[in-house]
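Chain by chain, the residues run as shown.
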Amino acid sequence: MFCLGARLIDMESEHRPLMPQMRLDELLAELQVRLNAVMATRDRVHALLEAVVSVGSDLDLETVLRRIVETATKLVDASYGALGVVGDENTLMQFIPVGLSEEEIARIEHWPHGLGLLGLLIKDARPLRLGRISDHPESYGFPPGHPPMGTFLGVPVRVRDEVFGNLYLTEKRGGGEFDEEDEAIVIALATAAGVAVENARLYEESRRRETWLQASSEVTTSLLSGAEPRQVLTLVAARARQMSDADLVQMLLPEPSGQSLRVEVAEGEGAGDLLGAAFEVSATLAGDVFVQGEPMSEADMQSAPYPDSPLRRLGYGPGLMVPLGAVPNVRGVLVLAKRSGRLPFSGADQQMLHAFAGQAAIALELADARRDAERLGLLEDRDRIAKDLHDVVIQRLFATAMTLMSTIRLVERPEAAKRLQHGIDELDGTIRQIRSSIFALQGSHDQGEPSLRGQIVDLVEGAGSHLGFMPGLRMEGQIDTLVPESVAEHLQAVLREALSNVVRHSHATRAEVSVEVSSDDLTLKVSDNGIGLGESGRRSGLRNIEERAGRLGGTAELASPEGEGTRLRWHVPL
């Protein structure tokens, strides 16, 4: 018994030190785990601090937004991330993805519109963490071509009291789920992101105002210096593009019919394809702005209800149309556009550009006023010249002619008397020409339609370019005043036909055109020194000329004295 007891005591003494040793190992292992956790937390805190500094280190808004998403995906080890910017009516006006390749993006049919879980975060701006997206009752599914995603973490980004957008993170690497620590880190990042977004907005606003003041001063100086309207419009378009950071700017002005708008100025990507193009007012968003006189914006031209829009065809996304002036004196439309995927134009952009576009309207108003003033001055000069010709020049010529007529009786030599008579005839012709010039100076000069005199001159000059010499032209009487429109149309048609015959058949080296108008009748004479009518008696155009004279109760005579070319006399009563 004694021996057995002694052995038991020895065995107990052998095993007693092992128990404390095992306990110590467990404690050390637990301590190591906690140290690792503390180190990991420290590393994540350092990463978060670096992320906050990184997010706030840039002042360009679009750069800040993309950096926020990239930083969030790194902090929580997510495969995919995105930032959805909330627009009007609780919809996503911009979606910035991270983690997708260009090929994957191209396969997606459309970006999210703010439905399902994304819409839930917009309506209820609180963090949302899910182990599986499809298990949530608000899950709406993915658009065609979208890669599959399971785990989800969504956190709102606030700018002061306003929800600017939401951070969406999916597919935690390693197959795990997002935990409370991930959520806390992303919430902290979202808070810092809100400050960064606000700073970027304030910087952008101050830069925009500075640019606005500089552009306004430059445009005002250009207006006061009397620059051409097109030069001012080009300057306005360039500065508007600079202020709004647009990729394309156009200046659309109405055509005379008022049914279409034409691109008079264009700058940016695709400007060459648009310059000079015309669009119907009733079929474009710019046309609506032109008619209503109110600015309009479109978040994405690719989904706008204008399938034939050139901006849509060129791949532009956000668009802004601003009227030049107010109803009922809208002078045109300023159109700005950005590439797809960029931030839409803000309300501040719209308000600023609407005020700035008013300077373009002022430029057009000043140009019209300047043209009217120049035209008025020209008319006053013409009226003064006409009065001087009538009251001074014609009276002196007439007095000289009367003196010469009374002198003829005193001249005994027939040769001298004949020369005096020739001089009197020349003075009489000169007086008639001056009177004709007076009628032209005092006639109507409608800016929209050229006068009958001007149309006659154009026809004669057009024939001269084909003949190789300029036909003589003499016009007498109040052509623009006494000839009614119905007779004027026939007169132009007959003159056109007569000159055409001279060009094609006469082989002439000299031609004369005379138009004489009195209160009772109109006489057109066209003569040349060509080969005449010939034996065949070319009268292909005479029938039409005679018919026109007959309709007006007049006559048409075509003669060809031997060796003297051709003579046409077209006479109608008024």
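These numbers come from a predicted model, not from an experiment.

A.B. asks: Break down the overall build of the protein for me, with residues and values.
C.D. replies: Looking only at helices and strands, one finds 16 helices and 16 strands in the protein. Here the protein holds 574 residues, and the buried ones make up 41% of them. Look at the contacts in the protein between residues 6 or more apart in sequence, and 59% of them connect residues 24 or more apart.

A.B. asks: Which residues make up the pattern of salt bridges, and what values go with them?
C.D. replies: Evaluation of the coordinates by the stated rule reveals eight salt bridges. Residue R262 is joined to E255 by a salt bridge in which the shortest nitrogen-to-oxygen separation is 2.4 Å. Overall, R262 belongs to the partly exposed group, its relative accessible area being 29%. Here E516 and R474 are joined by a salt bridge, their closest N and O atoms 3.2 Å apart. Here R474 lies in strand β12 (residues 472–476) and E516 lies in strand β13 (residues 511–517), a separation of 42 residues in the sequence. Residue classification places R474 among the partly exposed positions, given a relative accessible area of 25%. A cluster of three or more residues bridged by salt bridges with shared partners is formed by R474, E476 and E516.

A.B. asks: Please set out the confidence of the model for the protein residue by residue, giving values where relevant.
C.D. replies: Per-residue confidence for the protein gives a mean pLDDT of 77, with 81% of residues at or over 70. Element-level mean pLDDT values for the protein span from 47 in helix α1 (residues 2–15) up to 92 in strand β14 (residues 521–528).

A.B. asks: Which residues make up the packing of aromatic side chains, and what values do they have?
C.D. replies: Tallied over the entire structure, the rule returns one aromatic pair. A cation over an aromatic ring shows up here: K338 above the ring of F345, its NZ or CZ 4.7 Å from the ring centre. One cation-aromatic arrangement involves R339 over Y316; the distance from NZ or CZ to the ring centre is 4.2 Å.

A.B. asks: Give a detailed account of a nonpolar patch on the surface, specifying residues and quantitative values.
C.D. replies: A surface patch of nonpolar side chains, about 300 Å² in accessible area, is lined by F398, M402 and M405. Among the secondary structure elements, M405 is positioned in helix α11 (residues 347–408).

A.B. asks: Any chance you could break down the nonpolar core for me, citing the residues and the numbers?
C.D. replies: Counting residues in hydrophobic clusters, the biggest one holds 32 residues, and the most contacted among them are L524 and W570. Breaking this core down by element, the ones donating at least two residues are α13 (452–467), α15 (485–506), β13, β14, α16 (542–551) and β16 (566–573). Here the element with the most residues in this core is α15; it accounts for eight residues. Those residues within four positions of W570 in sequence are excluded, and the remaining contacts are H490, L491, V494, L522, T523, L524, I545, R548, A549, L552, T555 and A556.

A.B. asks: I'd love a proper account of the sheet that holds strand β11 (residues 332–339), names of residues and values included.
C.D. replies: Sheet architecture is open: six strands sit in the order β8-β7-β6-β11-β10-β9, paired in antiparallel fashion. In the strand order of this sheet, the two ends are held by β8 (278–280) and β9 (296–298), each with one partner. Strand-to-strand twist of the sheet, defined as the mean angle between neighbouring strand axes without regard to direction, takes the value 25°. Two strands pair when backbone bridges link them, and strand β6 (residues 248–254) and β11 are joined in this way by five bridges, in the antiparallel orientation. Among the inter-strand pairings, L248 is bridged to a residue of β11, identified as A337. Here helix α7 (residues 229–244) sits on the sheet in contact with β6, β7 (260–268) and β11, set at roughly 60° to β7.

A.B. asks: With reference to specific residues and values, describe the sheet that holds β14.
C.D. replies: Spatial ordering of the open sheet is given by β12-β13-β14-β16-β15, a layout of five strands whose pairing is mixed. Only two strands of the sheet have a single partner each, and these edge strands are β12 and β15 (555–559). Across this sheet, the average inter-strand angle for adjacent strands is 5°, counted without regard to direction. Each of β13, β14 and β16 is contacted by α15, which is oriented at about 10° to β14, the strand it contacts most.

A.B. asks: Tell me about the environment of A190, and please be specific about residues and values.
C.D. replies: By secondary structure assignment, the location of A190 is in helix α6 (residues 180–224). In this structure the C-alpha to C-alpha distance between A190 and N166, which are 24 residues apart in sequence, comes to 8.7 Å.

A.B. asks: Help me get a handle on the pairing of β7, residues and values and all.
C.D. replies: Examined bridge by bridge, β6 and β7 share seven bridges and lie antiparallel to one another. Within β7, the position partnered with L248 by the bridge is G268. The turn joining β6 and β7, which pair antiparallel and follow one another in sequence, is formed by five residues; a positive phi near 80° is taken by G258. Both β7 and β8 contribute to a ladder of three bridges, which runs antiparallel. From the neighbouring strand, L261 faces β8, where its bridge partner is F279.

A.B. asks: Residue-level account of unusual backbone geometry, with values.
C.D. replies: The phi angle at D77 is positive, at roughly 60°, despite the residue not being glycine. Relative to the assigned elements, D77 resides in the loop between α3 (61–75) and β1 (78–86). Despite not being glycine, D245 shows a phi value in the positive range, around 55°. Secondary-structure assignment places D245 in the loop between α7 and β6. Here D245 falls in the partly exposed class, since its relative accessible area comes to 42%.

A.B. asks: Describe in detail α15, supporting the description with residues and values.
C.D. replies: In this model α15 runs 30 Å from its N-terminal to its C-terminal C-alpha over 22 residues, within 8% of the 32 Å that 1.5 Å per residue would give. The set of residues buried in α15 consists of V487, A488, H490, L491, Q492, A493, V494, L495, A498, L499, V502 and S506. Elements in contact with the buried residues of α15: α13, β13, β14, α16 and β16.

A.B. asks: Now, about helix α9 (residues 285–292): what can you tell me, with residues and values included?
C.D. replies: For α9, the full list of buried residues reads L285, A286, G287, V289 and F290. The elements touched by buried residues of α9 are β6, β7, β9, β10 (316–324) and β11.

A.B. asks: A description of the side chain of D349 should follow, citing residues and the corresponding values.
C.D. replies: Relative to the helices and strands, D349 resides in helix α11. Excluding anything up to four places from it in sequence, D349 contacts R208 and L320.

What counts, and where the lines are drawn
- Position labels on residues start from 1 in each chain and follow its written sequence.
- Restriction of local features to residues with pLDDT of at least 70 applies here, the model being predicted, together with a cutoff of 80 or more for giving and counting side-chain atom pairs; totals for whole chains, interfaces and linings are based on all residues.
- Heavy atoms throughout the structure, all of them, feed into the side-chain values; hydrogens and water do not.
- Every helix listed is a DSSP run of H or I at least four residues long, and every strand listed is a run of E at least two residues long, numbered separately from the N terminus.
- Remark: exposure states derive from per-residue accessible area (1.4 Å probe, protein chains only) relative to the maximum for the residue type, with buried under 20%, exposed over 50%, and partly exposed in between.
- When checking whether two residues touch, look at their non-hydrogen atoms; a contact exists if any pair is within 4.5 Å.
- Should a side-chain nitrogen of Lys or Arg be within 4 Å of a carboxyl oxygen of Asp or Glu, the pair is scored as a salt bridge.
- Confidence of the predictor in every single residue is expressed as pLDDT, which spans 0 to 100.
- Paired rings are identified among Phe, Tyr and Trp, the last through its six-membered ring, by centres lying within 6.5 Å, and are further divided according to the angle between planes into stacked (under 30 degrees), edge-to-face (over 60) and tilted (the rest).
- Only Lys NZ and Arg CZ are tested; either one counts as a charge over a ring when it is within 6 Å of the ring centre and within 35 degrees of the ring normal.
- Like-charged residues are merged into a patch within 9 Å and nonpolar side chains (Val, Leu, Ile, Met, Phe, Trp, Tyr) within 5 Å, provided each residue has over 30% relative accessible area and no salt bridge.
- The method behind every accessible area is Shrake-Rupley, applied with a 1.4 Å probe, and residues are considered shielded solely by the protein chains displayed.
- In this text, buried Ala, Val, Leu, Ile, Met, Phe, Trp, Tyr and Cys residues form a nonpolar core when linked through side-chain atoms within 4.5 Å.
- Whether two strands pair comes down to DSSP finding at least two bridges between them.
- A fitted line through C-alpha atoms serves as each axis, taken over the contacting stretch for helices, and the angle formed by two N-to-C directions is quoted from 0 to 180°.
- Given a helix with a known number of residues, its expected span is that number minus one, times 1.5 Å.

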